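Structure at a glance
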Amino acid sequence: MLQLKRVYEPADAGDGKRILVDRLWPRGISRDAARIDAWLKDIAPSDQLRRWFGHAPEKWEEFRSRYREELREHAPLVEQLRNEADDTTITLLFAARDSDRNNAVVLKQVIESYQKESHV
């Protein structure tokens, strides 16, 4: 099972393995308070893409496309997450205020598409 959660929301038992998928550590939260199990900076959008996007809603579709391209370079990490999500609950953590338009949303979609392809 794969789910999304803002890192600022309280952790709970239903989160399973909590993985931060942002390149930068979230502002104003300590490592203890975040209660993360892993921080996968390398799977986050590049600094250049992150800065270009700036969470501007009008850039969302282009961001999704560009980030999917970047994720192809990290196929082993995506595959690892897919395999883990087959066996346990994984919560992808993000810091963005917009819960509908952020890199974790795209990453989750990519992982789920890998799952569908591998079970065909």
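Definitions and cut-offs
Residues numbered from 1 in each chain as written. Predicted model: local features only at pLDDT ≥ 70, side-chain atom pairs only at ≥ 80, totals over all residues. Heavy atoms only, no water. Core = buried A, V, L, I, M, F, W, Y, C linked by side-chain atoms within 4.5 Å. Buried < 20%, exposed > 50% of the residue type's maximum accessible area, 1.4 Å probe, protein only. Helix = DSSP H or I, 4+ residues; strand = E, 2+ residues; numbered from the N terminus. Contact = heavy atoms within 4.5 Å. Pairing = 2+ DSSP bridges. Salt bridge = Lys/Arg side-chain N within 4 Å of Asp/Glu carboxyl O. Polar contact = N/O pair within 3.5 Å; in protein donor to acceptor, adjacent residues only side chain to side chain. Lys, Arg positive; Asp, Glu negative; His and termini not counted. Expected span 1.5 Å × (residues − 1). Arc of directions from axis to C-beta.

For the rest of this paragraph, the subject is the nonpolar core. Judged by nonpolar contacts, the single largest core of 24 residues is most densely connected at Ile 43, Leu 92 and Leu 107. Elements with a minimum of two residues in this core: α2 (47-53), α3 (60-72), α4 (75-87), β4 (90-94) and α5 (103-118). The contact partners of Ile 43, leaving out residues within four places of it in the chain, are Val 21, Tyr 67, Leu 71, His 74, Leu 77, Val 78, Leu 81 and Leu 107. Counting 6 residues, the second-largest nonpolar core is a separate cluster that includes Val 7, Ile 29, Ala 34 and Leu 93.

Attention now moves to the sheet that holds strand β2 (residues 17-20). Across the sheet, which stays open at both edges, the 4 strands sit in the order β1-β4-β2-β3 with parallel pairing between neighbours. The sheet is open, and its two borders are formed by β1 (2-6) and β3 (38-39), each paired with just one other strand. With 4 bridges connecting them, β2 and β4 associate as parallel partners. If you follow Ile 19 over to β4, its bridge partner there is Leu 92.

Here the structure, examined in full by the defined rule, presents 12 salt bridges. Between Arg 50 and Asp 47 there is a salt bridge; the shortest N-O distance is 3.2 Å. Here the residue Arg 50 and the residue Asp 47 both occupy positions in helix α2, the gap between them amounting to 3 residues, near one helical turn. With a closest N to O distance of 3.1 Å, Asp 98 and Arg 101 form a salt bridge. On the basis of relative accessible area, Arg 101 is assigned to the partly exposed category, the value being 29%. The network of salt bridges with shared partners includes Lys 5, Asp 12, Asp 15 and Arg 18.

As a further point, take the environment of Arg 97. Looking at where Arg 97 falls in the secondary structure, it is placed in the loop between β4 and α5. With 66 residues separating them along the chain, Arg 97 and Arg 31 place their C-alpha atoms 19 Å apart.

Of the pairings in the sheet, the one linking β2 to β3 comprises 2 bridges and is parallel in character. Directly across from Leu 20, in β3, lies its bridge partner Trp 39.

A few words on the side chain of Asn 102. Relative to the helices and strands, Asn 102 is located in the loop between β4 and α5. Polar contacts involving the side chain of Asn 102 include one to the main-chain carbonyl oxygen of Asp 98, which spans 2.9 Å. If we skip the residues at most four places from it in the chain, Asn 102 touches His 55, Trp 60, Phe 63, Phe 94 and Ala 96.

Here the focus is the side chain of Glu 70. Topologically, Glu 70 is positioned in helix α3. As a buried residue without a salt bridge, Glu 70 has its nearest oppositely charged side chain in Arg 23, at a separation of 5.8 Å. Aside from chain neighbours lying at most four places away, what touches Glu 70 is Ala 44, Pro 45, Ser 46 and Leu 49.

Here α3 spans 19 Å end to end across 13 residues, near enough to the 18 Å set by a 1.5 Å rise per residue. Within α3, burial applies to Trp 60, Phe 63, Tyr 67, Glu 70 and Leu 71. For α3, the angular spread of the buried residues around the axis is 100 degrees, confining them to a single face. For α3, the exposed residues set more than 90 degrees away from the buried face come down to Glu 61 and Arg 72.

Any functional reading would require information that these geometric values do not contain.
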